[in-house]
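Letter by letter, the chains look like this.
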Amino acid sequence: MAVSMYIGTRNKDLTATASEAILKGICPDGGLYIPNEIPKMDCSKEALLDMDYQELAYQVLKLYLDFTEEELRSCIASAYDEKFDTKEIVPLVKKGDVWYLELFHGKTLAFKDMALSILPYLMKTAAKKQGLDKKIVILTATSGDTGKAALEGFADVEGIEIMVFFPEHGVSPVQKLQMTTQEGKNVFVAGIEGNFDDAQSAVKTIFTDKAFAAELEEKGYCFSSANSINIGRLVPQIVYYYWAYIQAVKQGGIAWGDALDFTVPTGNFGDILAGWYAAQMGLPVGKLVCASNDNKVLYDFFRTGVYDRNRAFHVTVSPSMDILISSNLERLLCHMAGQAATQTQMQALKEQGTYTIDITEKRIVGEFATEAETFTAIQEVYRKTGYVMDTHTAVAYAAYQKYQKETNTQTPMVIVSTASPYKFTKDVMTALDSSCAEQDAFQLMKALERVSGVKIPNVVAGLAKKTILHKDVCKKENIQAFVRAHLQ
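Everything numeric here is computed off the predicted structure, so don't read it as measured data.

Cut-offs and rules
- Residues numbered from 1 in each chain as written.
- Predicted model: local features only at pLDDT ≥ 70, side-chain atom pairs only at ≥ 80, totals over all residues.
- Heavy atoms only, no water.
- 1 Å grid on protein atoms, 1.4 Å probe; cavity = no way out; pocket = protein on both sides within 12 Å on 5 of 7 lines; lining within 4 Å.
- Points joined across faces, edges and corners; volume = space filled by probe spheres on them.
- Helix = DSSP H or I, 4+ residues; strand = E, 2+ residues; numbered from the N terminus.
- Nonpolar A, V, L, I, M, F, W, Y, C, P; charged D, E, K, R; others polar.
- Buried < 20%, exposed > 50% of the residue type's maximum accessible area, 1.4 Å probe, protein only.
- Pairing = 2+ DSSP bridges.
- Right-handed = clockwise from strand over helix to strand, strands pointing away.

Colleague: Tell me about empty space enclosed by the protein, and name the residues and values.
Modeller: For the structure on display, the rule yields four cavities of 30 Å³ or more. Taken as a whole, the largest cavity encloses approximately 260 Å³ of empty space. Residue lining of the largest cavity: 27 residues in total, with Phe111, Lys112, Gly267, Asn268 and Ser320 positioned closest to the centre. Contributing elements (two or more residues each) for the lining of the largest cavity: helix H7 (145-154), strand S10 (260-265) and helix H13 (270-280). Ranked by residues supplied to the lining of the largest cavity, first place goes to H13 with three residues. Its residues placed into classes, the lining of the largest cavity shows ten nonpolar, 13 polar and four charged. Reported here for the second largest cavity is a volume of approximately 50 Å³. What lines the second largest cavity is simply Ser143, Pro167, Gly170, Asn195, Phe196, Phe313, Val315, Pro319 and Asp322. In the lining of the second largest cavity, the residues fall into five nonpolar, three polar and one charged.

Colleague: Please give an account of the pairing of strand S6 (residues 135-141) that cites residues and values.
Modeller: Looking along a regular strand, one sees side chains alternate from face to face of the sheet. Among the seven residues of S6, six are classified as buried, and the element is accordingly described as predominantly covered. By the bridge criterion, four bridges tie S6 to strand S9 (residues 221-224) in an arrangement that is parallel. Note that in S9 the partner of Ile136 across the bridge is Cys222. Here six bridges tie S6 to strand S7 (residues 160-167), and the two strands are oriented parallel to one another. Residue pairing for S7: Val137 is matched across the bridge by Glu161. On the question of chirality, the crossover connecting S6 to the parallel S7 by way of H7 is right-handed.

Shown next, in the form of structure tokens:
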């Protein structure tokens, strides 16, 4: 049975249809929308094994969205097309003793393309279904990859303005140029003097500022989000867990019904939460290894039940994971303990920066990798297999190795590969050859092409020569003023 209603994580009486939840992005009280009941997959294994990615997406998303078949199939066809550089959309590649689920074959070379390629179409369809006559303003904080994927997806989409805020000194050179060179009459990009948590907290504050919302509503605007706090961003990610399992069966690595583990490099907790939803839908997921970098707030949480953001913030070579407030964890907390407990925990997080719970969800386990271990993982996998990973995938691989050593598990493993190494060329090449540390990231792309055997993607080949169009940098407390000024 499909989801009939979405409810708030802090107040179950805050309800919305899927279309309403997609347009709102976040609950009025700052909570997030979750399905009132997680649906079960209603297709047979024989049918699933015969599907291409587009058909699989339809079978999953129809269970979560209040769209007609025609509406949903149109959104899917518009999203998963030739903008991906491989017909299968998401390759599952076996290297050594693990599979890599390559989620980076879209236009921005990161896993965010998997959901942000379809979100603009979902949002426009939802707006039409709801009879919305206002211009939608997408406000998005990014730790690096969401920003470009959202900008690419929403650029010049009629009826939508998009504003992206990123940590000025907390993204890779490629990530930064991808955003600051973005073309489009409706796009605005600004660096933030601070980290991702600062940007995300400021954006969330705007969403819950009723006076500001009323002010802009009078001018014909309404807010929404392209972050994974938006349920329309999250549910498309469930699809590729089903896809990975199906491909593993078709490749002969597992039999249908066998458990399959996933290690997921994790920041805002949306990607791994999508895997958890897939498991609740009936997919035979074994363990979900939540891989953290030196900002190991999630590792500590899943090990101890204590979530504590009161710690040093580390800028690492895996910047999309440099997060201390993982917003989507709130959804898991609510599924585990209900709205009243979640409201208490989120209030404690806001006021004291910490909370403690008794973890009842045992499917997710925490691991982490230091920066040195991340570099070692890149070196080791390349030496053994010739495969070149990006820094985030390397965190996952190093975490997987620790998990395997601790448990001696024999369950097959999928490493969720969230970005192309070309997005983090300098750090990847430095891991392979320390002499690259002082070289320019863009000049090193030729060297990466030689060692990886993978051609430099067209989307980054000429990036260094593109004109920088967005030069604004602002303090986190000035984000609201920035939004107001650019919507005049």
